[in-house]
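# A structural walkthrough
These are the residues of each chain, in order.
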Amino acid sequence: MSQINELTEVDIKKKIKEFIKNNFLLGNDSNLQDDDSFMGKGIVDSTGILEVVSFTEETFGFKVADEELLPENLDSINNLTAFISNKKV
Amino acid sequence: MLLHESLKSSAYKYPHKVAVVYQKERLNYSEVDKLSDALAFKLLDKGIRNGDRVALLLENSTDYIVAFFGILKAGAVAVPLNTQLVSRELAYLLNDCSPRFVITDSAHQSILKGLIDPIYVLLTDKGDCPRFAPSSQGHWDAGALGTGAPEANSLAMIIYTSGTTGKPKGVMLSHKNLSANAHSIIEYLHLKTTDSIMVILPFYYSYGTSLLTTHIMAGATLVIDNRFIYPNVVLDTMEKEKVTGFAGVPSHYAILLRKSALRKYKLINLRYVTQAGGAMAPSMIKEFLEILPHLKFYVMYGQTEASARLTYLNPVFLPDKFGSIGKVIPDVEIDILNEQGESAKTGEIGEIVARGANIMLGYWNATEETSKVLRKEGLFTGDLARIDDDGFIYLVARKKEMIKSGANRISPFEIEEVVCGMRGVVECAAVGIPDEILGEAIKLCVVKDGVNFTENDLLLYCKRNLAAYKMPKVVEFVASLPKTSTGKIKRSLLTVGSVPAGD
């Protein structure tokens, strides 16, 4: 688990991109832009989004509440980066 | 009755009633009727003839509904295709049903490249299908079709299901099949014009189609939201649109219970929910009803081959009959036949055999497959069941070795056929393993020859050739596959633990 407070937004984004690339794109992220919708691009399905949540919780050390399972928090690299960055205290 | 006459009838009785809600769009019955008339004329102008197939490659949307009824009004056959499929899979289906046209949108157009001549592709978002510009030819009427207009027994739809051989089978459903089943469902769910259903199930599956046909026939409202990946968004839509019904497979309920803020919603307008598509744990049904005790929970069972439904459990009996799929629906007959072909005694296991106006005409282009399941006794479902003292039916097992993952039925043979096409694979077996959310996830056991390739290479190969929902979640490289003396793979052994590892 990383100490989220010590990570810059750039670090956070890098970790997210690495995860998405390895888990959903089998190592090839050449077609994915930072603001592409995971849902719109068909990159993740219902269980995929749960993997995104587990990754977020384990890597950045906070619990994602059920109410936070929303596209504005999770549905692109940029949205996820902003959501995680806002968890810094 | 022709299926599209139910739309005509609802448009006549409730012209201003909202038929479909999708994103920011709300279409009333009169609008759906006129738009689908216009599309029917467009197809007729393009020379469509009775019985021609028109494939639909669209997500659930107002366009889908307009296109579906437009196709039927033109006397043609609607063939909805799964939008998750990859090119290789679509090529097979298009070749099998040889559609005269494919109706799709720009988002799905590219996957058709090389599969069908572009002149036969109609794009809903590029003016190929009329939007709010009803044809100058006015209302559709049977006379406009000239001779050979469809009859009740005419083919209305082909719905593809995973076949036991690994190749999808096209289930042929007539206007009568679909209308009869819609009538039965409306009766037991007590659907009225005041009802509205939250639609998250794709229309290209039989369960989704049954939501469409029943609600249009009942003059009720379809509220479409394709964002169930984020269940809270769908729950918000349910509150906002005050839906009275929800339909899902067990994994949808698992996600609502485990991965959504369901407990924070009151859903006071929700009158009932339905569940089909595989057994749902009674504990989960109980938990759901503890959160929303005002609901009626309908457990249902059926098959695409039966236009959707065969049995349902009246919610009144649910507390006493957890685990049962209930009794036969109105206007359908069911027998449980033992291996001798006789009606099974109470408690004895037999195969569910069904008769009724809802039973399919047969499989498209597959007479032999058809004759295996449509016999003089009725439709042989391949599902094994027993009946208790009170006449309630309990599913025991499926004869077919399908993997049930989420709302999808997946043939292990199809995955195996694809994987065996990869260089370096000697043999392989795909099995379903328990998954908390999906019901079953896919495990793939692979025997390699000398060629060295990694799990990632294998997954990349699968990704190119299989829809995402058919992707293995677990891959195991093994030295050999356990087999019976006749050489059949012992699948049950692969679902648990590990077999000796290969290199």
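If you're wondering where the values come from, they're calculated on a predicted model, not measured in any experiment.

Criteria and cut-off values
Residues numbered from 1 in each chain as written. Chains lettered and ligands numbered in written order. Predicted model: local features only at pLDDT ≥ 70, side-chain atom pairs only at ≥ 80, totals over all residues. Helix = DSSP H or I, 4+ residues; strand = E, 2+ residues; numbered from the N terminus. Rg over C-alpha atoms; globule rule 2.2 N^0.38 Å. Buried ≥ 20, exposed ≤ 12 C-beta atoms within 10 Å, placed from the backbone. Contact = placed C-beta atoms within 7 Å. Pairing = 2+ DSSP bridges. Nonpolar A, V, L, I, M, F, W, Y, C, P; charged D, E, K, R; others polar. Axes fitted to C-alpha atoms, helices over the stretch in contact; angles between N-to-C directions. Parallel < 35°, antiparallel > 145°, perpendicular 65-115°, else oblique. Left-handed = near helix turned anticlockwise from the far one by under 90°. Core = buried A, V, L, I, M, F, W, Y, C linked by C-beta atoms within 7 Å. Domains from an automatic or database assignment.

A tally of regular secondary structure across chain B gives 14 helices and 26 strands. Taking 23 Å as the expected radius of gyration for a compact globule of 503 residues, we find that chain B reaches 23 Å, a close match to that expectation. Principal-axis analysis of the C-alpha atoms gives chain B an extent of 70 × 55 × 50 Å. Scored against the burial criterion, the 503 residues of chain B give a buried share of 48%.

Glancing now at the overall build of chain A. A count of helical and extended segments in chain A gives four helices and zero strands. Against the compact-globule benchmark of 12 Å for 89 residues, chain A has a radius of gyration of 12 Å, which places it among compact chains. Principal-axis analysis of the C-alpha atoms gives chain A an extent of 35 × 25 × 20 Å. Across the 89 residues in chain A, those meeting the buried criterion constitute 24%. Partitioning the intrachain contacts of chain A with sequence separation of at least 6 by distance along the chain shows that 70% fall at a separation of at least 24.

Residues and elements named next belong to chain B. Across the sheet, which stays open at both edges, the nine strands sit in the order E2-E1-E10-E9-E11-E12-E13-E14-E15 with mixed pairing between neighbours. Looking at which strands have only one partner, the edges of the open sheet turn out to be strand E2 (25-28) and strand E15 (327-328). Where strand E9 (residues 196-199) and strand E10 (residues 221-224) come together, four bridges link them in parallel fashion. The residue bridging Met 198 from the neighbouring strand is Val 223, located in E10.

On the side of chain A, 14 residues touch chain B, which itself brings 21 residues to the contact. Among the elements that make up the side of chain B that touches chain A, the one with the highest residue count is helix H13 (residues 455-465) of chain B (four residues). For the side of chain B that touches chain A, the class distribution of residues is 13 nonpolar, four polar and four charged.

Attention now goes to the packing of helix H2 (residues 29-45) of chain B against helix H3 (residues 62-73) of chain B. Residues and elements named next belong to chain B. It is the contact of H2 with H3, at a shortest axis distance of 7 Å, that shows an interaxial angle of 55°. Looking at the two axes, H2 sits oblique to H3. Read as a crossing pair, H2 and H3 show a hand that is right-handed. Mapping the contact onto sequence places Val 32, Leu 35, Ser 36, Asp 37, Leu 39, Ala 40 and Leu 43 in H2 and Ile 65, Val 66, Ala 67, Phe 69, Gly 70, Ile 71 and Lys 73 in H3.

Attention shifts here to the nonpolar core. Soluble globular proteins: nonpolar side chains tend toward being buried together. All names here are of chain B. In this structure, Val 32, Val 54, Leu 56, Ala 67 and Ala 78 are the most contacted members of the largest nonpolar core, which totals 137 residues. Among residues more than four places away in sequence, those in contact with Ala 67 are Leu 39, Leu 56, Leu 58, Ile 103, Thr 124 and Cys 129. Membership of the second largest hydrophobic core comes to 21 residues, among which are Met 402, Ile 410, Cys 445 and Leu 458.

Attention now goes to the pairing of strand E24 (residues 425-435) of chain B. Residue and element names in this part refer to chain B. Note: E24 against strand E25 (residues 439-448), ten bridges, orientation antiparallel. For Pro 434, the partnering residue across the bridge sits in E25 and is Glu 440. The antiparallel hairpin formed by E24 and E25 contains three residues in its connecting segment.

Per the domain assignment, the segments making up chain B are domain 1 (26-150) and domain 2 (403-495). A separation of 36 Å is found between the C-alpha centroids of domain 1 of chain B and domain 2 of chain B.

A few words on the environment of Gly 406 of chain B. You can see Gly 406 of chain B is positioned in the loop between strand E22 (403-405) and strand E23 (408-410). Judged by local crowding, Gly 406 of chain B falls into the buried class, with 24 C-beta atoms found within 10 Å. Along the chain, Gly 406 of chain B and Gly 278 of chain B lie 128 residues apart, while their C-alpha atoms are 9.3 Å from each other. Look past the residues within four positions of Gly 406 of chain B in its chain and what remains in contact with it is Ser 46 of chain A together with Val 249, Ser 251, Leu 438, Gly 439 and Tyr 469 of chain B.

The next thing to look at is unusual backbone geometry. One can expect most non-glycine residues to show negative phi and most peptide bonds to be in trans. Residues and elements named next belong to chain B. One non-glycine residue, His 190, adopts positive backbone phi at about 55°. Within the secondary structure layout, His 190 lies in the loop between helix H6 (175-189) and E9. Backbone geometry places Asn 365, a non-glycine residue, at a positive phi of 60°. Mapping Asn 365 onto the fold places it in the loop between strand E18 (362-363) and helix H11 (367-373). Asn 365 gets classed as partly exposed once you count the C-beta atoms within 10 Å, which come to 14.

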